[in-house]
Amino acid sequence: KSQTPTLFTKELLDQIVQYVRLLTKTNGEKEMDVSLHAKVFKGLRLRVAMKDSKAEVNFLTSSSEVRGLFLAHRQELEKALSEKGIEVRQINVTMI
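Residues numbered from 1 in each chain as written. Predicted model: local features only at pLDDT ≥ 70, side-chain atom pairs only at ≥ 80, totals over all residues. Heavy atoms only, no water.

1. Points about the packing of aromatic side chains
Reasoning step 1: This structure, assessed with the given rule, holds 2 aromatic pairs.
Reasoning step 2: Centroid distance Phe-59 to Phe-70: 4.5 Å. Interplanar angle 35 degrees. Geometry classified as tilted. One end of the pair, Phe-59, is in strand 4 (residues 54–61); the other, Phe-70, is in helix 2 (residues 64–72), with 11 residues separating them in the sequence. You'll find Phe-59 and Phe-70 in the same group, each marked buried.
Reasoning step 3: Chaining the aromatic ring pairs together yields one cluster made of Phe-41, Phe-59 and Phe-70. (Phe/Tyr/Trp six-rings, centres within 6.5 Å; stacked < 30°, edge-to-face > 60°. Helix = DSSP H or I, 4+ residues; strand = E, 2+ residues; numbered from the N terminus. Buried < 20%, exposed > 50% of the residue type's maximum accessible area, 1.4 Å probe, protein only.)

2. Some words on the layout of surface pockets
Unoccupied space between atoms shows up once a probe the size of one water molecule is rolled over them.
Reasoning step 1: Roughly 360 Å³ of internal volume is contained in the largest pocket.
Reasoning step 2: Residue lining of the largest pocket: 17 residues in total, with Leu-46, Val-48, Val-57, Phe-59 and Leu-81 positioned closest to the centre.
Reasoning step 3: The set of elements that each furnish at least two residues to the lining of the largest pocket consists of strand 2 (30–36), strand 3 (45–51), strand 4 and helix 3 (74–83).
Reasoning step 4: Broken down by class, the residue content of the lining of the largest pocket amounts to 17 nonpolar, no polar and no charged. (1 Å grid on protein atoms, 1.4 Å probe; cavity = no way out; pocket = protein on both sides within 12 Å on 5 of 7 lines; lining within 4 Å. Points joined across faces, edges and corners; volume = space filled by probe spheres on them. Nonpolar A, V, L, I, M, F, W, Y, C, P; charged D, E, K, R; others polar.)

Distances and angles like these do not, on their own, reveal function.
Right, dumping it as structure tokens:
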């Protein structure tokens with residue numbers, strides 16, 4: 001039986017994540033922008049903005065295969081976030 005790791009080591013995160021940017025806008029809204037290395041979901045970018053305590057999640061990809069995968073599982077993603085206490089306003093999957 002395989003176990004899911006409960007902690008990401010710095011080494012593992014360095015293999016997955018190319019960069020992370022956090023910002024707080026002047027109106028108090030918070031936004032996180034994460035870019036993954038090309039070998040992970042073909043360089044998918046994830047942008048999460050909190051507006052009125054609800055998450056607006058944007059997946060940005062240049063791969064139609066990755067876009068299809070995230071579109072097909074959008075409801076499961078929303079449910080998983082909800083189970084973690086994150087109320088989702090919307091999830092978008094966009095080609096760049």
